[in-house]
Amino acid sequence: MSNSIAGKTAIVTGAAHGVGLAIARHFADSGANVMFADRNEEVLEREIGKAAGESDAVRMFSGDLRQKLTITNLLSATVDAFDGIDILVNASRQVMSTDPLDPEDTSVDQLLDQNMTTALRLSRAAARRMIRQAEGREDGPVGAIVNLSSVSAFRAHPSLLGMSIAAAACDQMTRSLAVALAPERIRVNAVAFGSVMSASLKGALRENEDAREAILAATPMGRIAGPGEVAQAVQY
């Protein structure tokens, strides 16, 4: 199976910063048409606004994908720009800690909504579009969906209860969709990773040098991964 995505059309959510931005840029550099999607319009404009104006292969979309209408609008904007959808990368993730004893803590609900439910809704909508546009074509892949998960799905941490639940839900959603969509020739996979040197992690480590040492001590290679490494795994 070729890893080439040249000429394919991809939607990448969470594409204004961090891993999502690295994935979207990597896809564009690899020859794909890419819709950079994020709810932070200001950061999107700053990061890729000029590129979107200069390249026919790059577009951007801003909106809150937790809203069903926004998902519809994103798919419509992508089809209008590129005539179809071949790849969806659900890279929009929220990270927050959870107090396991606080009955007023709503982080579990928020993380499930952002990291799993939104990805499921978008995956369903994108898959329907992939199937429609492949009607009459009896062989070859129809599309691919990649979800971003986390090692917190199978590693317990006292402050990451919500992250662990949401990541585990994402993993099982991925397995279930993979089986359900395989007959339609749509592949569904997840990339689960730990600490990646994104802008947010850099800021956190500047404030807590002990955290850096803890991460390195738990990493056999003795270094923190870069966003580009996740992007390469997603393309694979």
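Below you will find a few notes about this structure.

Each value, and the rule that gives it
Residues numbered from 1 in each chain as written. Predicted model: local features only at pLDDT ≥ 70, side-chain atom pairs only at ≥ 80, totals over all residues. Heavy atoms only, no water. Axes fitted to C-alpha atoms, helices over the stretch in contact; angles between N-to-C directions. Helix = DSSP H or I, 4+ residues; strand = E, 2+ residues; numbered from the N terminus. Parallel < 35°, antiparallel > 145°, perpendicular 65-115°, else oblique. Left-handed = near helix turned anticlockwise from the far one by under 90°. Contact = heavy atoms within 4.5 Å. Nonpolar A, V, L, I, M, F, W, Y, C, P; charged D, E, K, R; others polar. Core = buried A, V, L, I, M, F, W, Y, C linked by side-chain atoms within 4.5 Å. Buried < 20%, exposed > 50% of the residue type's maximum accessible area, 1.4 Å probe, protein only. Polar contact = N/O pair within 3.5 Å; in protein donor to acceptor, adjacent residues only side chain to side chain. Expected span 1.5 Å × (residues − 1). Pairing = 2+ DSSP bridges. Salt bridge = Lys/Arg side-chain N within 4 Å of Asp/Glu carboxyl O.

### A look at the packing of helix 3 (residues 68-82) against helix 4 (residues 107-133)
Where helix 3 contacts helix 4, the axes come no closer than 10 Å and their chain directions differ by 40°. Taken together, the axis directions place helix 3 and helix 4 in an arrangement best described as oblique. The two elements helix 3 and helix 4 meet at a crossing, and its hand is right-handed. Facing K68, I71, L74, L75 and V79 of helix 3, the residues of helix 4 in contact are T118, R121, L122, A125, A126 and R129. In terms of residue class, the contact of helix 3 with helix 4 is made up of seven nonpolar, one polar and three charged.

### Overview of the nonpolar core
Core analysis: the largest hydrophobic core is formed by 29 residues, its most contacted members being V12, I23, F27, F36, V89, L148 and V234. Every element with two or more residues in this core is listed here: strand 1 (9-13), helix 1 (18-29), strand 2 (33-38), helix 2 (41-54), strand 4 (87-90), strand 5 (143-150), strand 6 (186-193) and helix 8 (227-235). The biggest single contributor to this core is helix 1, with five residues. Apart from residues no more than four positions distant in its own chain, F36 is found in contact with V12, A15, L21, A24, R25, L44, I48, V58, R59, M60 and F61.

### Notes on the side chain of S123
The residue S123 is located in helix 4 in this model. Owing to a relative accessible area of 1%, S123 belongs among the buried residues under this scheme. In terms of polar contacts, S123 uses its side chain to reach the side chain of N90, at 3.0 Å. Once residues lying within four places of it in the same chain are set aside, the contact partners of S123 are L88, N90, I145, N147 and L177.

### Side note on the environment of C170
Position of C170 relative to the elements: it lies in helix 5 (residues 161-181). Looking at C170, the relative accessible area reads 3%, which means it is buried. The sequence separation of C170 and S150 amounts to 20 residues, and the corresponding C-alpha distance is 9.0 Å. When neighbours within four sequence positions are excluded, C170 is seen to be in contact with N115, M116, N147, L148 and S149.

### Regarding helix 3
For helix 3, built from 15 residues, the straight-helix expectation of 21 Å at 1.5 Å per residue is met to within 8% by its first-to-last C-alpha distance of 22 Å. Residues of helix 3 that are buried in the fold lie against strand 1, strand 2, strand 3 (58-62) and helix 4. In the segment just after helix 3, D83 is the residue with positive phi, at about 70°.

### Here we look at the sheet that holds strand 6
If you walk across this open sheet you meet the six strands as 3-2-1-4-5-6, and the pairing is parallel. Unpaired on one side and paired on the other, strand 3 and strand 6 mark the two borders of the sheet. Strand after strand, the sheet turns through a mean of 15° between neighbouring axes, direction not considered. The sheet contact formed by strand 1 and strand 4 spans three bridges and is parallel. Across the sheet, A10 pairs through a bridge with I87, a residue of strand 4. Packed onto the sheet, helix 5 meets strand 5 and strand 6 and runs at close to 160° relative to strand 5.

### So, the pattern of salt bridges
Counting across every chain of the model gives three salt bridges. Across the salt bridge formed by R25 and E47, the nearest N and O atoms sit 2.9 Å from each other. Pair noted here: R25 is in helix 1 and E47 is in helix 2, with a separation of 22 residues, a long-range link. Residue classification places R25 among the partly exposed residues on the basis of a relative accessible area of 36%. Salt-bridge contacts for D64 lead to R39; the nearest nitrogen and oxygen are separated by 4.0 Å. Here D64 is found in the loop between strand 3 and helix 3, whereas its partner R39 is found in the loop between strand 2 and helix 2, with 25 residues between them in sequence.

### Description of the environment of L112
Within the secondary structure, L112 is located in helix 4. Classification of L112 by relative accessible area gives partly exposed; the value is 23%. Between the C-alpha atom of L112 and that of A168, which follows or precedes it by 56 residues, the distance is 10.0 Å.

Interpretation in functional terms is not warranted from these geometric data alone.
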